[in-house]
Amino acid sequence: MFSAVDVIRAKRDGLELPDDQIDWVIDAYTRGVVADEQMSALAMAICCRGMNSREIARWTNAMIDSGERLSLGSVGRPTVDKHSTGGVGDKITLPLAPLVAACGAAVPQLSGRGLGHTGGTLDKLESIPGWRASLAEPEILAQLSAVGAVICATTPTLAPADRKLYALRDVTGTVESIPLIASSIMSKKIAEGAGALVLDVKFGSGAFMKTYPAARELATALVEIGTQHSVPVSALLTDMSVPLGRAVGNALEVAESIEVLRGGGPADIVELTVALAQEMLTLAGITDVDPAQVLSSGAAHEKWTEMIEAQGGNPAAPLPAAARVRVIESPSDGYLSTLDAYAVGVAAWRLGAGRARKEDPVDHAAGVQCLAKPGDRVVTGQPLLELHYTHESLLAGALSALDGGWAVTAGAGTRGPLVRDVIRNTGVAVVVSTTTATNSTLGQAPSAR
Ligand code: URA
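Residues numbered from 1 in each chain as written. Predicted model: local features only at pLDDT ≥ 70, side-chain atom pairs only at ≥ 80, totals over all residues. Heavy atoms only, no water.

Our next topic: the sheet that holds strand β11 (residues 383-389). Spatially, 4 strands are ordered β6-β9-β11-β7 in an open sheet, and the strand pairing comes out antiparallel. On the outer flanks of this sheet lie β6 (247-248) and β7 (324-329), each paired with one strand and no other. By the bridge criterion, 4 bridges tie strand β9 (residues 367-370) to β11 in an arrangement that is antiparallel. Within β11, the residue paired with Gly367 across the bridge is His388. (Pairing = 2+ DSSP bridges. Helix = DSSP H or I, 4+ residues; strand = E, 2+ residues; numbered from the N terminus.)

Printed below as a string of structure tokens:
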């Protein structure tokens, strides 16, 4: 017989939690036997003290076992999914899922909604008239077999412990913990049943992980969980200091994704979409198809149309457009040298594109269109940013979020590569190019290290 207080005390004092305690506490929390206040104390202790890789593996397992696993055996093609840790203008899933399906794999993309300054895939797709996010399990399986791609809301039976715990962490300041983030992401993804997984782990101002080393630590933990569950996993470490593409906001991002699917669109979106597709296809064992060629052929756009129509959406219907647009112009000749992802993300959120609480509605038309990107030459009076919004009262907050978030200077400045590195497992061992933290205690607060 275990006691929640003993488990909390043990972690508070920096002890390792044994497997049976972890199994018990997750199961008891899911059943309501361990109370929210006890689980929040334990989550805070984990935030401060961290967990080692055995604890993370067991915690992830217990969360998977709190619900059911999707069985994708009937789909008839290799299955592979992608997960992004979230960013500003990150609409990559929209062109990526139909692209990978057009290349021959099946993509079961069970997604969440946006919270805070990062957007959610379902919110973006809900800008399309008629499109339906909630599908029952048989519908998911049928669409995967027929179309090869489905993007829909996660089902209530997948990792219910994570659903409950994530909502609690969100309101108790316990989201920012590598063991808790890694186990949360991987429990949902493993329960979803895809044969392989590609992770887009972002670093920079617009990401969860503000620095490259922190993102690398998270990526290593995520890949290692994949190894422990014999799931091939690759993690691309990608720059999120500048918004991805030009559009930030739900309908604006759908429009930009369609441009990409039609063979155009911003170069960074195309680059990342193709890089992730290539990695997904490799893990799925499809090595004779070039995703860049499939993207430019129009086949991915046809797949998009099928995927949207299968969920009741009208891909030809006009997308919502904002009633008001405020333009910010360049004050001088020079180069746009700074465009901070976090500032743009917060501005779009304050214009109504995102939500502060889970139950808030979003304004699908709201957002920011970045007309110039860092490195672009600009002249005095040239439009740099467009703010799209419905209510005048929202404008001042968005403008203040952008204060100091962009700059025009005499020099262009420099940027690192979009994809900084890749960490892969081989199903047996984690392959990284520098030292890993797999055997150390991860996620301790800096003062406790
Ligand atoms: N996304 C998740 O699914 N879980 C976390 O803990 C953080 C981001």
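We now examine the site of the ligand. The full set of residues close to the ligand is Tyr166, Arg169, Ile181, Ser184, Ile185, Lys188 and Phe208. Within the side chain of Lys188, an N or O atom sits 2.4 Å from an oxygen atom of the ligand. The set of elements that each furnish at least two residues to the shell around the ligand consists of α8 (160-170) and α9 (178-192). A per-element tally of the shell around the ligand places α9 first, with 4 residues. (Near = heavy atom within 4 Å. Polar contact = N/O pair within 3.5 Å; in protein donor to acceptor, adjacent residues only side chain to side chain.)

By size, the foremost hydrophobic cluster in this structure holds 72 residues, and its most contacted members are Val100, Trp304 and Leu385. The two domains that each donate at least three residues to this core are domain 2 (80-316 + 418-440) and domain 3 (324-409). With sequence-adjacent residues up to four places away left out, Leu385 is seen in contact with Arg326, Val327, Ile328, Leu339, Val368, Gln369, Cys370, Leu371, Leu402 and Trp406. Ile46, Leu110, Leu144 and Ala182 belong to the second-largest nonpolar core, a separate cluster that totals 64 residues. (Core = buried A, V, L, I, M, F, W, Y, C linked by side-chain atoms within 4.5 Å. Buried < 20%, exposed > 50% of the residue type's maximum accessible area, 1.4 Å probe, protein only. Domains from an automatic or database assignment. Contact = heavy atoms within 4.5 Å.)

Bringing the pattern of salt bridges into the picture now. Using the criterion set out here, one finds 22 salt bridges in the structure. A network of salt bridges, in which partner residues are shared, links Glu16, Asp19, Asp23, Arg54 and Arg58. (Salt bridge = Lys/Arg side-chain N within 4 Å of Asp/Glu carboxyl O.)

Looking now at the confidence of the model for the chain. Residues of the chain with pLDDT of at least 70 account for 94%, and the chain-wide mean is 93. Scored below 50 in pLDDT, residues 433-439 makes 10 contacts in the model with residues more than four places away or belonging to other chains. Note on residues 445-449: pLDDT is under 50 here. Beyond four places in sequence and across chains, it has 6 contacts. (pLDDT = per-residue confidence, 0-100.)

Bringing the domain arrangement of the chain into the picture now. Domain parsing of the chain yields domain 1 (4-50), domain 2 (80-316 + 418-440) and domain 3 (324-409). Here domain 1 and domain 2 have C-alpha centroids that lie 30 Å from each other. Each side of the interface is counted separately: domain 1 has 12 residues, and domain 2 has 13 residues. Here domain 1 meets domain 2 over a buried area of about 990 Å², counting both sides, of which 79% is carbon and sulfur. Interface area lost by domain 1 to domain 2 is led by Tyr29, Thr30 and Cys47, which between them contribute 42%. For the pair domain 1 and domain 2, the number of links is 0 salt bridges. Of all elements in the fold, only α2 (19-30) and α3 (36-49) reach the threshold of two or more residues within the side of domain 1 that touches domain 2. The class makeup of the residues in the side of domain 1 that touches domain 2 is 7 nonpolar, 4 polar and 1 charged. (Buried area = accessible area lost by both parts, 1.4 Å probe. Nonpolar A, V, L, I, M, F, W, Y, C, P; charged D, E, K, R; others polar.)

Along α8, the residues that are buried comprise Ala161, Asp162, Leu165, Leu168 and Arg169. Burial along α8 is one-sided: seen end-on, the buried residues are contained in an arc of 130°. Buried residues belonging to α8 abut α2, α3, α4 (53-65) and α9. (Arc of directions from axis to C-beta.)

Three or more residues of helix α16 (residues 395-402) are buried, namely Leu395, Ala398, Ala401 and Leu402. Along the axis of α16, the buried positions cluster into a sector of 125°, meaning they face one direction only. Residues of α16 that are buried sit in contact with β7, α15 (341-353), β11 and β12 (406-409). Immediately downstream of α16, the backbone of Gly404 shows phi near 80°, a positive value.

Turning our attention to the packing of aromatic side chains. Geometrically, a pair of aromatic rings is defined through the distance of the ring centres and the angle of the planes. For the coordinates displayed, the defined rule picks out 2 aromatic pairs. Their ring planes at 40° and their centres at 5.8 Å tell us that Phe2 and Trp24 sit as a pair that is tilted. With a gap of 22 residues between them, Phe2 in the segment before α1 (4-12) and Trp24 in helix α2 connect regions that are remote in the sequence. Of the residues examined, Phe2 reaches a relative accessible area of 27% and is grouped as partly exposed. Relative to Tyr212, the ring of Phe203 lies with its centre 5.2 Å away and its plane at 80°, an arrangement referred to as edge-to-face. Comparing Phe203 with Tyr212, the two get one shared label, buried. Over the ring of Tyr335 we find Arg377; its NZ or CZ atom is 5.2 Å from the centre of that ring. (Phe/Tyr/Trp six-rings, centres within 6.5 Å; stacked < 30°, edge-to-face > 60°. Lys NZ or Arg CZ within 6 Å of the ring centre and 35° of its normal.)

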